[in-house]
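Residue-level structural notes
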Amino acid sequence: MISLLGAMRKQMNGAVANTMRYYGADYGLNYGVSLPTIRSIAQAEERNHQLALYLYKQQVRELRLAALHIADPTLLTPDSLDVWAEGIINSEVAEEMAFALLRYADSLPKIFAEWASSDNELLAYAALRSAAATAFGREVEVVAQTIEAVDRFHSSRIIAQAAVAVLAAAYEHNPEARHAVEQAISGLNDSLSASYVKEEMAWRMELVQ
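Residues numbered from 1 in each chain as written. Predicted model: local features only at pLDDT ≥ 70, side-chain atom pairs only at ≥ 80, totals over all residues. Heavy atoms only, no water.

**A few points about the overall build of the protein chain**
Here is the rule: Strands here are runs of E lasting at least two residues and helices are runs of H or I lasting at least four, both read from the DSSP assignment and numbered beginning at the N terminus. The quantity called the radius of gyration is restricted to C-alpha atoms. Its globule counterpart is 2.2 Å times the number of residues to the power 0.38. Burial classes follow relative accessibility: with a 1.4 Å probe on protein chains only, a residue under 20% of its type's maximum area counts as buried, one over 50% as exposed, and anything between as partly exposed. When checking whether two residues touch, look at their non-hydrogen atoms; a contact exists if any pair is within 4.5 Å. In short, Shrake-Rupley with a 1.4 Å probe defines the accessible areas, and a residue's cover is counted only from the protein chains shown. For the charge count, each Lys or Arg is scored as positive and each Asp or Glu as negative, with His and the chain ends excluded. Positions of charges follow a simple convention, taking NZ of Lys, CZ of Arg, CG of Asp or CD of Glu.
Counting its secondary structure elements, the protein chain contains 13 helices and 0 strands. Reading the protein chain from its N terminus to its C terminus gives the helix and strand order α-α-α-α-α-α-α-α-α-α-α-α-α. For the protein chain, whose C-alpha radius of gyration is 18 Å, the value lies close to the compact-globule estimate of 17 Å for 209 residues. Its C-alpha atoms give the protein chain principal-axis dimensions of roughly 50 × 35 × 30 Å. Expressed as a percentage of its 209 residues, the buried residues of the protein chain come to 49%. For the protein chain, the proportion of contacts with a sequence separation of at least 24, taken over those separated by at least 6, is 71%. Surface exposure of the protein chain reaches about 10200 Å², of which carbon and sulfur atoms provide 49%. Computed over 17 positive and 26 negative side-chain charges, the inter-centroid distance for the protein chain is 7 Å.

Here it is as structure tokens:
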């Protein structure tokens, strides 16, 4: 941890950290290191799940995000989700969780089912983002759960954006899911999230056709 922290400190950017706090991404201690740099430093380390869990619990932005690249996705199970869920304090952690860890987990289908149906917006967001990055996310049942999340978080911009990513991937890469996507979109309720999804998917589906 000390070694990683030292490497992060060398790349610190106070202006970026202050901007992130202004937009609500307050971690406690934040060096303002760019995500590509955090990823590069973390990926130079070997997978170490216990170390990752320890880093993830620290109130330091860079260590929490680095932990997601050091954790072993094969050890991420539905029974071990609580600690990871508690650490998702903003959309940045949710996105990095999806990008670095969830999409590689063998247990993603079970995790997705639990998080996508959660009343916690950030957990649902992480689930949708991870599904959008995998072949699993193109299945018909995932389309249905994605639409349910849009209806549940009817005024959430981030849920709407993640839903478009899932639906667009399913529509483009899985012909069997196209009818399900079309039906699901036509059945959306009137809401801010639904309107965004409908508008974005309209031109995306037209491009595929």
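**Quick look at the packing of aromatic side chains**
Inclusion rule: Aromatic contacts are taken between Phe, Tyr and Trp rings whose centres are within 6.5 Å, Trp giving its six-membered ring; a plane angle under 30 degrees counts as stacked, one over 60 as edge-to-face, and the others as tilted. Lysine and arginine charges are scored as sitting over a ring when NZ or CZ, respectively, is within 6 Å of the ring centre and within 35 degrees of the ring normal.
The final tally for this structure, using the stated rule, is 2 aromatic pairs. Ring centres of Phe 112 and Phe 136 lie 5.6 Å apart, and the angle between their planes is 80°; this geometry places the pair in the edge-to-face category. Placement of the pair is Phe 112 in helix 8 (residues 108–116) and Phe 136 in the loop between helix 9 (121–132) and helix 10 (140–152), with a sequence separation of 24 residues. A relative accessible area of 0% places Phe 112 in the buried class. In this structure, Arg 39 packs its charged tip against the face of Phe 99, placed 4.3 Å from the ring centre.

**Some details on the confidence of the model for the protein chain**
Just so we agree on the cut-off: The predictor rates its confidence in each residue with pLDDT, a number between 0 and 100.
The predicted model of the protein chain averages 92 in pLDDT, with 94% of residues at 70 or higher. Averaged pLDDT values for the elements of the protein chain fall to 62 in helix 2 (residues 14–22) and rise to 98 in helix 9.

**Structural notes on the side chain of Asn 30**
Our working definition: Polar contacts, as used here, are pairs of N or O atoms within 3.5 Å; protein pairs need one atom able to donate a hydrogen and one able to accept it. Residues neighboring in sequence count only if both atoms are side-chain atoms.
Mapped onto the elements, Asn 30 comes out in the loop between helix 2 and helix 3 (35–43). Classification of Asn 30 as buried rests on a relative accessible area of 9%. Within polar-contact distance, the side chain of Asn 30 engages the backbone nitrogen of Gly 32 at 2.8 Å.

**Section: the pattern of salt bridges**
Definition in use: Any Lys or Arg side-chain nitrogen located within 4 Å of an Asp or Glu carboxyl oxygen qualifies as a salt bridge.
For the coordinates displayed, the defined rule picks out 6 salt bridges. The partner of Glu 96 in a salt bridge is Arg 39, with the nearest N and O atoms 2.7 Å apart. In this pair, Glu 96 sits in helix 7 (residues 91–100) while Arg 39 sits in helix 3, placing the two residues 57 residues apart along the sequence. A salt bridge links Arg 61 to Glu 92; the nearest nitrogen and oxygen atoms lie 2.9 Å apart. With Arg 61 in helix 5 (residues 61–70) and Glu 92 in helix 7, the pair connects residues that are 31 residues apart, well separated along the chain. Taking relative accessible area as the criterion, Arg 61 reaches 2% and is therefore assigned buried. Overall, the relative accessible area of 14% leaves Glu 92 in the buried class. Among the ionic contacts, a cluster of salt bridges with common partners joins Arg 61, Glu 62 and Glu 92.

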